[in-house]
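Chain by chain, the residues:
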Amino acid sequence: MTAKVGVIMGSKSDWDTMRHCCDTLEKLGVEFETKVVSAHRTPDLLFSYSETADERGLEVIIAGAGGAAHLPGMCAAKTHLPVLGIPVQSSMLSGVDSLLSIVQMPAGIPTATLAIGKAGSINAALLAASILSNKYPDIKEALLAFRANQTQTVLDNPNPAE
Ligand code: RP5
C-alpha cells in the first residue's frame, strides 16, 4: 500500500489536532503516512522529506504546525505537490500566530490554509480526498458518501434541544 498523502507535523504535541485529519483519511480509505518533521528542529529532514515526496508516490502533503508555523510554507518551497496547512491552536496566542504564519505566503509558493485546530484538521483530509477524487473513483465515492451521510444526519435531527 503506497501512501498517497503525507501527514506531517512540527511536534508530537500536534498529534491531538492532527489525529482528526488521520481519522478522517482512514474513514475515506485514503492511504497515508504520518511523521513528525520540524521546520526548526529538523530542517534537513524537512528538506529531504519534501524533495523526495513526489518520487515516493505522495500526491498531497498535509502539514500541521503551531506558533511560528513555518512547516507548510517551507515544505511547499521544496515540492510542487499541493501542500495543505493546518494551523495548530497554540497555548500563548490561540493559534492566530499559527494561522498568520501559514496563510500569508508570497506569490509563487502557495499553501492551502485551513481553519485553526480540529475543524481545519478534518477539512484538510476532506480537501485532500477532494483533490484525489478526480483520479481515484473509490475516493470520490467515499467522499460523496461522507457528504451525503453528513447532510442526512442534520436533516434527521432538526430539533436542537433533543
Ligand atoms: C511547533 O511548535 C510545533 O508544530 C508545535 O505546535 C509547537 C510547539 O512544539 P513543542 O514545544 O510542543 O514540541 O514547531
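Scroll up a little and you will see the structure.
Residues numbered from 1 in each chain as written. Predicted model: local features only at pLDDT ≥ 70, side-chain atom pairs only at ≥ 80, totals over all residues.

Caption draft 1: Structural detail: the site of the ligand. Around the ligand lies a shell formed by G10, S11, S13, D14, S38, H40, A65, G66, G67 and V88. Residue classes in the shell around the ligand are distributed as two nonpolar, seven polar and one charged. (Near = placed C-beta within 6 Å. Nonpolar A, V, L, I, M, F, W, Y, C, P; charged D, E, K, R; others polar.)

Caption draft 2: Representation of the nonpolar core. V5, V30, I61, I62, L71 and A128 are the most contacted members of the largest nonpolar core, which has 42 residues in total. Sequence-distant contacts of V30, that is, excluding residues within four places in its chain, are made with K4, V5, L25, A128, A129, L132 and I139. (Core = buried A, V, L, I, M, F, W, Y, C linked by C-beta atoms within 7 Å. Buried ≥ 20, exposed ≤ 12 C-beta atoms within 10 Å, placed from the backbone. Contact = placed C-beta atoms within 7 Å.)

Caption draft 3: Just the sheet that holds strand β3 (residues 60–66), in detail. The five strands are arranged β2-β1-β3-β4-β5 in an open sheet whose pairing can be described as parallel. Each end of this open sheet is capped by a strand with a single partner; those strands are β2 (32–36) and β5 (112–113). When strand β1 (residues 5–9) meets β3, the two strands line up parallel, connected through five bridges. Note on β3: the bridge partner recorded for V5 is V60. Packing of helix α5 (residues 118–132) onto the sheet brings it into contact with β1, β3, β4 (83–88) and β5, and relative to β4 it is tilted by some 175°. (Pairing = 2+ DSSP bridges. Helix = DSSP H or I, 4+ residues; strand = E, 2+ residues; numbered from the N terminus. Axes fitted to C-alpha atoms, helices over the stretch in contact; angles between N-to-C directions.)

Caption draft 4: Expanded view of helix α3 (residues 71–78). For α3, the buried fraction is high: six of the eight residues fall into the buried class. Turning to α3, its buried residues are L71, P72, G73, M74, C75 and A76. On the buried face of α3, the contacting elements are β1, α2 (43–52), β3, β4 and α4 (96–103).

Caption draft 5: Local environment of the pairing of β1. The buried fraction of β1 is high, at five of five residues. Of the two faces of β1, both are covered, the one formed by V5, V7 and M9 as well as the one formed by G6 and I8. Across five bridges, the pairing between β1 and β2 is parallel. Paired with I8 across the two strands is K35, which belongs to β2. Viewed along the sheet, the connection from β1 through helix α1 (residues 15–27) into β2 turns out right-handed. (Right-handed = clockwise from strand over helix to strand, strands pointing away.)

So yeah, pure geometry; function would need other evidence.
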